[in-house]
Amino acid sequence: MQKTVIKVKDVKTIFDNRIVHNGLNLTVGEGDIYGLLGPSGCGKTTLLREMVMLHQYNGGSIEVLGKNLNGISHNDAQKIRQQWGVLFQAGALFSSLTLRENIMLPLVEYTDLSKSLMEEIIKFKIDLVGLKQSDADLYPSQISGGMKKKAALARALAMDPKLLFLDEPTSGLDPISARDFDALILELRSLLGLTIVMVSHDLQSIYDTLDKVAIIDQKKIIYEGSLKNINSVESQFIKTFFGKYNEQ
Amino acid sequence: MKSVIKNSSKNTTKLSLQLRGEFSLYNVKKYEKALRKQNLSGVKEVEIDLSSVEYFDTASALFLVDLQKEYKKRDIMLSFISANEDHLKTLLLVQKRKQTSSTISSSQKSFFLTDIGKSFYANYLGLLSFFAFLGKLFATKLHYLLNPKNIRVKEIAYEINESGVRALGIVALTSFLIGLVVAYQSAFQLKTYGANIFVVDMLGISILRELAPLITAIVIAGRSGSAFTAQIGAMKITEELDAMRTMGFDPYMFLVLPRILALMIVMPLLIFVADMMGIIGGMFVANIDLNITTQLFLERFNEVVAFKHFLIGLIKGPFFAFLIATIGIYRGLMVKDDTQSIGFNTTKSVVEAIFAVIVCDALFSIAFTNLGI
């Protein structure tokens, strides 16, 4: 049986008296590439931020890697933070550090690896995400948007996480780079056995990479499952969003 | 000027108008004037032909649709014809999507008392959030003290260089000029009474005790305090702070405390430099304007300026540094997800930090006076 990596149960989120989520339920299984989809403003990124403890939900529970986030202790929170990687929409690389230093940071903070082994790891991760070794000494301001995303992915993979969160990984990339990035995600999953949760609006990327999706609309999850049966649910969003693709 | 109405014909009840030229938002007024001039007595139907209009935009279309409504109220039917299909399409689009003024939500009128209440509540929440920030800061500091291995020496050293060593030049120059100005102004008065030598007493006490710490704090608030706000604010906007949190790095440990500690360490050093430069500035004027030689100045300085004045000035340093750094960083953390917020909070951080420093200095003065120091 597939192991559960994330379990969201009856999650409620309220922003300034406005209900964003009203009882969300979903389960992410080990090894899945799981997509959070929905119309703009439905709270996909908010749910992702709740999963990574950046935002506090108002009700329900979220369990990540076997730990319930409700009232989680500092030590447990630190432990699970070392087991996941997060790729932010714009990369969020530390601008005062070079790419090498960005990737090295978690290794320096959490391990006592020798400098030479750290260098090996950095070189390996840089190669894994498709960057050149010569890029390692550049600062984030000196590289393109696509390279930033790759470097941020390398940083997210620095600690060999079990779980990867991606917030709109292909947004802002040209179509060729976006498809390359999709291929990279699939490759990483097969190489490292990652479980990936991503928010995306890129239809091609959704069809190319996702195993399972959760559609958030009208404050609820209106569909959870594979893309094959997506049309089994009556929803204006599904009709509009997936309609054109299905017609092709 | 060419008229915007090319032709007009009127039979008993029908008026036909042919418009021409560029009918756009830049000259709607011209068309409005021309159309309002038309004599509509007895007219039941108006037909506007847009065929000769070279350019027609949505603003003009909105005007015509409004005019149609106005005429309708006066029982006049207004219709449009055009050989150019684009004009008719624009009119159709406007008729379809035009919002009535009642559907456009107007900003609610606010009452004076409501505004005061809201502003008071916002300030109250701001104060609470500042206390929460201080609470978290002290908790982190305690954690620091209990686990000294967590002290980020490298970051502190970096910040000492950035906020302190690099500010030495401007602090030294400002203090030198302040010493110069104070001595020059005093010299004029003292000369009148032949009390030239007392310039040393005045300079020594005022610079060491008050001016050097205050000037240093003001320069640092403008230079380093604002830099803290802008740096942390920008990190917030680019999600670098969120990235740190998801990696398990506490921003208080990595960004907040190193900056505060660095400034608290380096501030007395800056005040010491400001002391020296202020006195040198004063000595320079005393020499030129009051004929007090350097040797005489230093001898008198040694005699009348007690060491405690120097110490009092230095003691203020870490307190001023704490206020400047804390306010600067707090304001940085308050930056919202827009660039305007960085400017707003940077300005606020400088103003609040200078104000806090002056209040703190006043409290020190009261305390030292009561203690007889």
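The rules behind each value
- Residues numbered from 1 in each chain as written.
- Chains lettered and ligands numbered in written order.
- Predicted model: local features only at pLDDT ≥ 70, side-chain atom pairs only at ≥ 80, totals over all residues.
- Helix = DSSP H or I, 4+ residues; strand = E, 2+ residues; numbered from the N terminus.
- Rg over C-alpha atoms; globule rule 2.2 N^0.38 Å.
- Contact = placed C-beta atoms within 7 Å.
- Buried ≥ 20, exposed ≤ 12 C-beta atoms within 10 Å, placed from the backbone.
- Domains from an automatic or database assignment.
- Nonpolar A, V, L, I, M, F, W, Y, C, P; charged D, E, K, R; others polar.
- Axes fitted to C-alpha atoms, helices over the stretch in contact; angles between N-to-C directions.
- Parallel < 35°, antiparallel > 145°, perpendicular 65-115°, else oblique.
- Pairing = 2+ DSSP bridges.
- Core = buried A, V, L, I, M, F, W, Y, C linked by C-beta atoms within 7 Å.

(A) Main features of the overall build of chain B. Each helix and strand in chain B was counted, giving 12 helices and 4 strands. Against the compact-globule benchmark of 21 Å for 373 residues, chain B has a radius of gyration of 36 Å, which places it well outside the compact range. Principal axes of the C-alpha set define a box for chain B whose edges measure 110 × 60 × 40 Å. Across chain B, the fraction of contacts at a sequence separation of at least 24, relative to all contacts at a separation of at least 6, is 84%.

(B) Structural detail: unusual backbone geometry. Residue and element names in this part refer to chain A. The backbone phi angle of leucine 65 is positive, close to 50°, even though this residue is not glycine. Among the structural elements, leucine 65 can be located in the loop between β4 (59-64) and β5 (67-68). With a phi close to 50°, aspartate 160 is a non-glycine residue in the positive phi region. Considering the arrangement of structural elements, one finds aspartate 160 in the loop between α5 (145-156) and β7 (163-167). Given 12 C-beta atoms within a 10 Å radius, aspartate 160 is considered exposed.

(C) Examining the domain arrangement of chain B more closely. Segmentation of chain B into domains returns domain 1 (5-97) and domain 2 (148-371). Summarising the inter-unit geometry, the C-alpha centres of domain 1 of chain B and domain 2 of chain B are found 70 Å apart.

(D) Spatial organisation of the environment of glycine 328 of chain B. All names here are of chain B. Summarising the element assignment, glycine 328 is placed in helix α11 (residues 307-333). In this structure the C-alpha to C-alpha distance between glycine 328 and valine 350, which are 22 residues apart in sequence, comes to 7.4 Å. Residues within four places of glycine 328 in sequence aside, it is in contact with Gly225, Ser226, Phe228, Thr229, Ser349 and Ala353.

(E) Local environment of the interface of chain B and chain A. Tallying the contact residues gives 10 residues for chain B and 13 residues for chain A. By residue class, the composition of the side of chain B that touches chain A is 3 nonpolar, 3 polar and 4 charged.

(F) The environment of alanine 321 of chain B, seen in detail. All names here are of chain B. Positionally, alanine 321 belongs in helix α11. Assessed through the 31 C-beta atoms surrounding it within 10 Å, alanine 321 is described here as buried. Distance from alanine 321 to alanine 217, taken between C-alpha atoms, is 7.2 Å for residues 104 residues apart in sequence. Not counting chain neighbours up to four residues away, the residues in contact with alanine 321 comprise Leu263, Met264 and Met267.

(G) Quick look at the packing of helix α4 (residues 112-146) of chain B against helix α9 (residues 251-290) of chain B. Residue and element names in this part refer to chain B. Two numbers describe how α4 lies on α9: the axes approach to 10 Å, and their chain directions differ by 100°. Between α4 and α9, the angle is such that the two are roughly perpendicular. Residue-level contacts link Lys136, Leu137, Thr140, Lys141 and Tyr144 of α4 to Tyr252, Met253, Val256 and Leu257 of α9. In terms of residue class, the contact of α4 with α9 is made up of 6 nonpolar, 1 polar and 2 charged.

(H) Expanded view of the sheet that holds β7 of chain A. Residues and elements named next belong to chain A. An order of β6-β7-β8-β3-β9-β10 is seen for the 6 strands of this open sheet, with the pairing classed as mixed. Edge strands, defined here as strands with exactly one partner in the open sheet, are β6 (84-87) and β10 (220-225). Taking each pair of neighbouring strands and ignoring which way they run, the sheet shows an average axis angle of 15°.

(I) Region of interest: the nonpolar core. Of all hydrophobic cores here, the largest spans 69 residues; its most connected members are Met51, Ala154, Phe165, Ile196 and Val197 of chain A. Element by element, the count of residues in this core is highest for α5 of chain A, at 6 residues. Ignoring sequence-local partners within four residues, the contact set of methionine 51 of chain A consists of Ile6, Ile62, Val64, Phe165 and Val197 of chain A. Core analysis: the second largest hydrophobic core is formed by 65 residues, Ala221, Val305, Leu333 and Met334 of chain B among them.

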